[in-house]
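Below are the chains, spelled out letter by letter.
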Number of protein chains: 2
Amino acid sequence: MTRILSDSEAWDVLRRGKLGHLGCVDRDQPYVVPINYLVDEDCIYSHSLPGRKISAMRAHPHACLQVSNIQDDFHWRSAIAFGSYEEIIDQADRNSALRQLLERFPKLTPVESELARDAEPPPVIAFRLRVDHVSGVAEE
Amino acid sequence: MTRILSDSEAWDVLRRGKLGHLGCVDRDQPYVVPINYLVDEDCIYSHSLPGRKISAMRAHPHACLQVSNIQDDFHWRSAIAFGSYEEIIDQADRNSALRQLLERFPKLTPVESELARDAEPPPVIAFRLRVDHVSGVAEE
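Residues numbered from 1 in each chain as written. Chains lettered and ligands numbered in written order. Predicted model: local features only at pLDDT ≥ 70, side-chain atom pairs only at ≥ 80, totals over all residues. Heavy atoms only, no water.

K.L.:
I'd like a rundown of the overall build of chain A, residues and numbers included.
P.N.:
Of regular secondary structure, chain A possesses four helices and eight strands. Among the 140 residues that make up chain A, the fraction classed as buried is 48%. In the structure as shown, chain A presents an accessible area of about 7,200 Å², 50% of it carried by carbon and sulfur atoms. (Helix = DSSP H or I, 4+ residues; strand = E, 2+ residues; numbered from the N terminus. Buried < 20%, exposed > 50% of the residue type's maximum accessible area, 1.4 Å probe, protein only. Areas by Shrake-Rupley, 256 points an atom, 1.4 Å probe, with all protein chains shown as cover.)

Here it is in structure tokens:
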């Protein structure tokens, strides 16, 4: 049976996940990309090199993150968080966010791993979605 | 190394996949849901009960489907197809689309499986995205 998740169940799916699908709007077109992320309080943190999703969210900050927790075809939960894009500009906040992301995702790409070695900082963008509301469904 | 996929490589990722993430725009908000799908020629076919994604795409037909083909953290391909939502109304076309989807996804939900038993038709909606263009990236 499919049922609606409570907000706290939906947050639980979001907190347990590591890979989500970010949705944004690029000049009236939906755009979806898989991202690694982490949840802290009411925000979802991630990082990216400059590119289409960053340009899209700078222009149109509404975004969402869909996360699935799948056991099998008949036992799964899916949650979605809706929020607003915020770029993390403050240097201390940015370092803190990137450090937490590195801890959670040690296998970062070479470019991103440079950060950990204090090399010339690459143009990695740290950002958060400030979550406005969540929803979710489950089949159990 | 990350590289851009050719159109034919992106189509290959789309054709091999079964689960994708559909992105659409619901009153200016991006919305993302996982769906099962199949590709036939330049269209992506799927089905759904009435709900938010169907209402959103009826109002705003731009949609996309993101599909990943992941071996491990350093060997993956991701493709995205951008297109327009079309509801399949014609009865013969609808039956044909639902039959192909049933063949590809025998474990449909009970409601949807009713179709195969010629019971009272449930309000399952068959739809296609007519693909306008594709893109993709790979790490290999």
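We are not done yet, so read on.
K.L.:
Which residues make up the pairing of strand β8 (residues 125-139) of chain A, and what values go with them?
P.N.:
All names here are of chain A. Pairing between strand β1 (residues 2-4) and β8: three bridges, direction antiparallel. What sits directly across from I4, in β8, is V137. Where strand β7 (residues 75-87) meets β8, 12 bridges bridge the pair, whose relative direction is antiparallel. Note that in β8 the partner of F82 across the bridge is H133. (Pairing = 2+ DSSP bridges.)

K.L.:
Mind laying out the interface of chain A and chain B, listing which residues take part and the relevant values?
P.N.:
In this assembly, 27 residues from chain A lie in contact with 27 residues from chain B. Interface area for chain A against chain B, summed over the two sides, is near 2,200 Å², with a carbon-plus-sulfur share of 66%. Among the residues of chain A in contact with chain B, Q29, P30 and V32 of chain A are the three that bury the most area, contributing 24% of the side total. The tally of links from chain A across to chain B stands at zero salt bridges. Those elements that provide at least two residues to the side of chain A that touches chain B are β2 (19-26), β3 (29-36), β6 (62-72) and β7 of chain A. Looking at side-chain class alone, the side of chain A that touches chain B contains 13 nonpolar, nine polar and five charged residues. (Contact = heavy atoms within 4.5 Å. Buried area = accessible area lost by both parts, 1.4 Å probe. Salt bridge = Lys/Arg side-chain N within 4 Å of Asp/Glu carboxyl O. Nonpolar A, V, L, I, M, F, W, Y, C, P; charged D, E, K, R; others polar.)

K.L.:
With reference to specific residues and values, describe the pattern of salt bridges.
P.N.:
Residue and element names in this part refer to chain A. One pass over the structure, following the stated rule, counts 20 salt bridges over all chains. R3 is paired through a salt bridge with E9; the nearest N and O atoms lie 3.0 Å apart. Linked through salt bridges whose partners overlap, the residues forming this network are R3, E9, R77 and E140.

K.L.:
Pulling in residues and values, what's your account of the side chain of R128 of chain A?
P.N.:
All names here are of chain A. Mapped onto the elements of the fold, R128 is located in strand β8. Relative accessible area serves as the criterion here: at 13%, R128 is assigned to the buried category. Here Y45 takes part through its side chain, which lies 3.3 Å from a polar atom of the side chain of R128. (Polar contact = N/O pair within 3.5 Å; in protein donor to acceptor, adjacent residues only side chain to side chain.)

K.L.:
Please provide a residue-by-residue account of the environment of C64 of chain B, values included.
P.N.:
Relative to the helices and strands, C64 of chain B resides in strand β6 (residues 62-72). In this view, C64 of chain B contacts P30, Y31 and V32 of chain A together with H21, L22, G23, I80, A81, F82 and L129 of chain B; residues no more than four positions away in its chain are not counted.

K.L.:
Provide a residue-level description of the packing of aromatic side chains, including the pertinent values.
P.N.:
Residue and element names in this part refer to chain A. Taken as a whole and assessed by the stated rule, the structure comprises four aromatic pairs over all chains. On the basis of an interplanar angle of 45 degrees and a centroid distance of 5.4 Å, the ring pair of Y85 and F127 is categorised as tilted. With a gap of 42 residues between them, Y85 in strand β7 and F127 in strand β8 connect regions that are remote in the sequence. Since its relative accessible area comes to 1%, F127 is described here as buried. One residue, R52, lies across the ring of Y31, its end atom 4.6 Å from the ring centre. (Phe/Tyr/Trp six-rings, centres within 6.5 Å; stacked < 30°, edge-to-face > 60°. Lys NZ or Arg CZ within 6 Å of the ring centre and 35° of its normal.)

K.L.:
Requested: an account of the relation of the copies chain A and chain B, with residues and values cited.
P.N.:
Here the two chain copies are tied together by a rotation about an axis and a shift along that axis. Once chain A is rotated about the relating axis by 180 degrees and shifted along it by 0.0 Å, it coincides with chain B to within an RMSD of 0.0 Å. Interpreted geometrically, this transformation is the action of a two-fold axis. Of the residues that chain A buries at the interface, 100% are likewise interface residues in chain B, meaning the two copies contact each other through the same surface. (Least-squares fit on C-alpha atoms with pLDDT ≥ 70 in both.)

K.L.:
A description of the nonpolar core should follow, citing residues and the corresponding values.
P.N.:
In this structure, M57 of chain A together with M57 of chain B are the most contacted members of the largest nonpolar core, which totals 64 residues. Beyond its immediate chain neighbours, meaning those up to four positions away, M57 of chain A contacts L22, C24, A63, Y85, F127 and L129 of chain A. (Core = buried A, V, L, I, M, F, W, Y, C linked by side-chain atoms within 4.5 Å.)

K.L.:
For the pairing of β6 of chain B, give the residues involved together with the corresponding values.
P.N.:
Residue and element names in this part refer to chain B. Note: strand β2 (residues 19-26) against β6, four bridges, orientation antiparallel. Residue L22 lies in a different strand from β6, and its bridge partner there is L65. Where β6 meets strand β7 (residues 75-87), 10 bridges bridge the pair, whose relative direction is antiparallel. Paired with D72 across the strands is H75, a residue of β7. Here β6 folds back onto β7 in antiparallel fashion, the turn holding two residues.

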